[in-house]
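# Architecture at a glance
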2 protein chains.
Amino acid sequence: MTTTHTPSQDRPQRGNARAKLIAAAHQTVRRKGYAATSVDEICAAAGVTKGAFFHHFASKEALAVAAAEGWTARAAPMFELPPHTKLDDPLDRLLGHIDFRLAMLEGPVEDFTCFVGTMVQEAYATSDAIRAACEASITAYCDALAPDIEAAIARHGIAHGVGAMSLARHVQAVLQGAFIMAKTANDPAIARDSVTHLKRYILMLFGRG
Amino acid sequence: MTTTHTPSQDRPQRGNARAKLIAAAHQTVRRKGYAATSVDEICAAAGVTKGAFFHHFASKEALAVAAAEGWTARAAPMFELPPHTKLDDPLDRLLGHIDFRLAMLEGPVEDFTCFVGTMVQEAYATSDAIRAACEASITAYCDALAPDIEAAIARHGIAHGVGAMSLARHVQAVLQGAFIMAKTANDPAIARDSVTHLKRYILMLFGRG
DNA sequence: CTCGACATACCGACTAGTTGGTATGTTGTC
DNA sequence: GACAACATACCAACTAGTCGGTATGTCGAG
């Protein structure tokens, strides 16, 4: 039997250090923040050496930018896979998404909080590259949410002439705020409570309150 | 003329280093985050030396805790001074407060964002002392907001049995989330938009939508 | 009033350890 | 054997915190 492309289990496989570093950054930065997370720490969590780090990334900042892009990719399945995405009524899809986000708010805080939201707080004034990368990720989220909102408005109408993109950004804002509250109290319940307010608001806007 | 208790202008006055350090911490941490702000930097911003720093605070963490307490004190006048606090209807006072917060969202982002909200994001998992101090500050805000909400519910009733403290926490969550969005886009307008959604939600809850 | 004893407020050079980043060597793969 | 993917050793800069010392106040006894 010849050697195959399939990586063997006993040897550390090559070529995935970059992905492991990004995953380690997601995990560690969500727990400790960006500045408090050292390059050495990320390397240790990823199980690679510092040489590998600076082979793939020119700087810590470059990793941060790549990790922000990676976060967008990681979040994408959230809009495609869950069953509620198959619902016929766009408003049901929107409400299904809110319920989905609500269901995520369980367990350790660092497992459901937002990587880019955490990072942008520290870097918005010191690194415009990181800030822009985080903005792109959050904008991608809102862009993914807006079509269903737009369609729901078209089908059901909405109170006070609220815009689709504006509401999408508000959803994101409430989620980010809920994360902070959960971190503050070290309790996800307080975050669920806020997202429940958000759901009620949406229901009322669409006349289902 | 004998020397008085009034500090002369040419000599640096004694006894206010502590307050200056806390103010410098508020300013610097809101811009760069907690971990990225060095003790030397805070000292430079406050115009005092490192010796003075460690005379007043046992550690950087101790300053953080004191600064969180100082933040609460700094925010208190917000609930007492503005004209809307004199309104008769508690719902008008609540809405007046939201409008007041809305009006604050102007100019440079680091001038209206929340010190404790920024700090707790970085420290919730690494320093429980800081986390608890931030929680106390945010809880104090909610406690100050809740009585008017409670009274407004008593006078006007509220939809869906929403609780006063729950709504107060939601107000805080939306504000925190709005700050993150403003940092992300480097633009206060996006934050104002979210707080406008919040105001509309409150209006609808109280049947004024 | 004043003088000494003491306490508080502050200074700035120093240290031990950590940081992001580099320079160079090794290993696997086409 | 050439090139990408790592590993190891190292460095200059920066970090929080220390420490011996000084300036400025407080206060009670004489």
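Residues numbered from 1 in each chain as written. Chains lettered and ligands numbered in written order. Predicted model: local features only at pLDDT ≥ 70, side-chain atom pairs only at ≥ 80, totals over all residues. Heavy atoms only, no water.

## Describing the domain arrangement of chain A
All names here are of chain A. Stated formally: An automatic or database domain assignment is the source of the domain bounds shown. Between two residues, a contact is recorded if the distance between any of their heavy atoms is within 4.5 Å. Note: buried area is the sum, over both parts, of the accessible area (probe 1.4 Å) each one loses when the two are combined. Here, a salt bridge means any Lys or Arg side-chain nitrogen found within 4 Å of an Asp or Glu carboxyl oxygen. Side-chain atoms alone can form a polar contact between residues adjacent in sequence; in general such a contact is a pair of N or O atoms within 3.5 Å, and within protein one must be able to donate a hydrogen while the other accepts it. The helix count covers DSSP runs of H or I at least four residues long, the strand count covers runs of E at least two residues long, and both are numbered beginning at the N terminus.
Along its sequence, chain A is carved into domain 1 (7-66) and domain 2 (74-205). Between domain 1 and domain 2, the residue contacts involve eleven residues of the former and 14 residues of the latter. Regarding the contact of domain 1 and domain 2, the summed buried area is about 1,200 Å², with carbon and sulfur atoms giving 62% of it. Among the residues domain 1 hides against domain 2, the three largest losses belong to His-26, Arg-30 and Tyr-34. Together they make up 51% of the total. The partner of Glu-110 in a salt bridge is Arg-31, and the shortest N-O contact between them spans 3.7 Å. In this structure, the connection of domain 1 to domain 2 is made through seven residue pairs in polar contact (both at pLDDT 80 or more). Of all elements in the fold, only helix H1 (17-32) and helix H4 (60-75) reach the threshold of two or more residues within the side of domain 1 that touches domain 2.

## Here we look at the protein's contact with DNA strand D
Rule in force here: When we say a residue is near a molecule or strand, we mean one of its heavy atoms is within 4 Å of it.
The immediate surroundings of DNA strand D are formed by 18 residues, with Arg14(A), Thr49(A), Val39(B), Lys50(B) and Lys60(B) found nearest. Put simply, 53% of the atoms of DNA strand D that lie within 4 Å of the protein are in sugar or phosphate. Between DNA strand D and Thr49(A), the relevant distance is 2.8 Å, taken from a phosphate oxygen to a side-chain nitrogen or oxygen of the residue. Between His55(A) and DNA strand D, the recorded distance is 3.3 Å, taken from a side-chain N or O atom to a phosphate oxygen. When contributions to the surface near DNA strand D are tallied by element, the ones reaching two or more residues are helix H3 (50-56) of chain A together with helix H3 (50-56) of chain B.

## Regarding the pattern of salt bridges
All names here are of chain A. Which entries qualify depends on this criterion: Per-residue accessibility, obtained with a 1.4 Å probe over protein chains only, is compared with the maximum for each type, and a residue is labelled buried under 20%, exposed over 50%, and partly exposed between these values.
Applying the stated criterion to the full structure yields 20 salt bridges over all chains. The partner of Asp-88 in a salt bridge is Arg-155, and the shortest N-O contact between them spans 3.7 Å. Of the two residues, Asp-88 is situated in the loop between helix H5 (77-80) and helix H6 (90-104) and Arg-155 in helix H8 (residues 128-156); the sequence distance between them amounts to 67 residues. Taking relative accessible area as the criterion, Arg-155 reaches 47% and is therefore assigned partly exposed. A network of salt bridges, in which partner residues are shared, links Asp-89, Asp-92 and Arg-208.

## Focus: the interface of chain B and chain A
Chain B puts 48 residues into the contact, and the matching count from chain A is 48 residues. Interface area for chain B against chain A, summed over the two sides, is near 4,300 Å², with a carbon-plus-sulfur share of 62%. It is Gln121(B), Tyr124(B) and Thr184(B) that lose the most area in chain B upon contact with chain A, and together they represent 16% of the buried surface on that side. Scanning the region where chain B abuts chain A turns up zero salt bridges. Counting every contact that joins chain B to chain A gives 16 residue pairs in polar contact (both at pLDDT 80 or more). Those elements that place two or more of their residues in the side of chain B that touches chain A are helix H1 (17-32), helix H7 (115-123), helix H8 (128-156), helix H9 (164-185) and helix H10 (189-205) of chain B.

## A short note on the UniProt feature "domain: HTH tetR-type" (unreviewed entry) in chain A
Short version of the rule: UniProt positions are given in the numbering used here, feature names are shortened, and annotations may be inferred rather than shown by experiment.
As annotated in UniProt, the feature "domain: HTH tetR-type" (unreviewed entry) corresponds to residues 15-75 of chain A in the numbering used here. Within the segment residues 15-75 of chain A, helix and strand shares are 77% and 0% respectively, and the terminal C-alpha atoms sit 23 Å apart.

## Concerning the protein's contact with DNA strand C
Threshold: Three categories are distinguished: nonpolar for Ala, Val, Leu, Ile, Met, Phe, Trp, Tyr, Cys and Pro, charged for Asp, Glu, Lys and Arg, and polar for the others, with Gly belonging to the last.
Near DNA strand C you find 19 residues, and of these Val39(A), Arg14(B), Gly15(B), Gly51(B) and His56(B) are the closest. For DNA strand C, the fraction of protein-proximal atoms (within 4 Å) that sit in sugar or phosphate groups is 50%. At a separation of 2.8 Å, a phosphate oxygen of DNA strand C approaches a polar backbone atom of Lys60(A). For the surface near DNA strand C, the element with the most residues is H3(B), which contributes four residues. Per-class residue counts for the surface near DNA strand C are five nonpolar, ten polar and four charged.

## Description of the nonpolar core
Which entries qualify depends on this criterion: Think of a nonpolar core as a cluster: buried Ala, Val, Leu, Ile, Met, Phe, Trp, Tyr and Cys residues, connected wherever their side-chain atoms sit within 4.5 Å.
Of all hydrophobic cores here, the largest spans 141 residues; its most connected members are Leu167(A), Ile202(A), Phe206(A), Leu167(B), Ile202(B) and Phe206(B). Those residues in contact with Phe206(A) that sit more than four places away from it in its chain are Leu91(A), Leu94(A), Ile149(A), Ala152(A), Ile153(A), His156(A), Gly157(A), Ile158(A) and Leu167(A).

## A word on the packing of aromatic side chains
So the rule is basically this: Pairing of aromatic side chains here covers Phe, Tyr and the six-membered ring of Trp, requires ring centres within 6.5 Å, and sorts the geometry by plane angle: under 30 degrees stacked, over 60 edge-to-face, intermediate tilted. Should the NZ of a Lys or the CZ of an Arg lie within 6 Å of a ring centre and within 35 degrees of the ring normal, that charge is described as sitting over the ring.
In this structure the tally under the stated criterion is eleven aromatic pairs over all chains. Both rings, one in Trp71(B) and one in Phe115(B), keep their centres 5.9 Å apart while their planes meet at 45°; by these two values the pair is tilted. You can see Trp71(B) sitting in helix H4 (residues 60-75) and its partner Phe115(B) sitting in helix H7, a full 44 residues away along the chain. Through pairs of rings, three or more aromatic residues link up here, namely Phe53(A), Phe54(A) and Phe57(A). Above the ring of Tyr34(A), the side-chain terminus of Lys60(A) is found at 4.3 Å from the ring centroid.

## Overview of the packing of helix H6 (residues 90-104) of chain B against H10(B)
Residue and element names in this part refer to chain B. How we decide: Axis angles are defined between N-to-C directions and span 0 to 180 degrees, where every axis is a line fitted to C-alpha atoms and, for a helix, only to the segment in contact. Any angle that is under 35 degrees is reported as roughly parallel, and any over 145 degrees as roughly antiparallel; angles of 65 to 115 degrees are reported as roughly perpendicular and all others as oblique.
At a minimum axis separation of 10 Å, H6 and H10 run at an interaxial angle of 170°. When the axis of H6 is compared with that of H10, the two are roughly antiparallel. Between H6 and H10, the contacting residues are Leu-91, Leu-94, Leu-95, Ile-98, Asp-99 and Leu-102 on the first element and Arg-192, Val-195, Thr-196, Leu-198, Lys-199, Ile-202 and Leu-203 on the second. Along the lines of polarity and charge, the residues of the contact of H6 with H10 split into nine nonpolar, one polar and three charged.

## Remarks on the packing of H8(A) against helix H9 (residues 164-185) of chain A
Residues and elements named next belong to chain A. So the rule is basically this: Crossing chirality is assigned from the near helix's rotation relative to the far helix, an anticlockwise turn below a right angle marking it left-handed and a clockwise turn marking it right-handed.
Remark: H8 packs on H9, axes separated minimally by 7 Å, with the N-to-C direction vectors making an angle of 130°. Relative to H9, H8 is oriented oblique. The two elements H8 and H9 cross, and the hand of that crossing is right-handed. Contact with H8, carried on its side by Ile-138, Tyr-141, Cys-142, Asp-143, Leu-145, Ala-146, Ile-149, Glu-150 and Ile-153, involves Ala-164, Met-165, Leu-167, Ala-168, Arg-169, Val-171, Gln-172, Leu-175 and Gln-176 of H9 and no other residues of that element. Among the residues making up the contact of H8 with H9, the classes are represented as 13 nonpolar, two polar and three charged.

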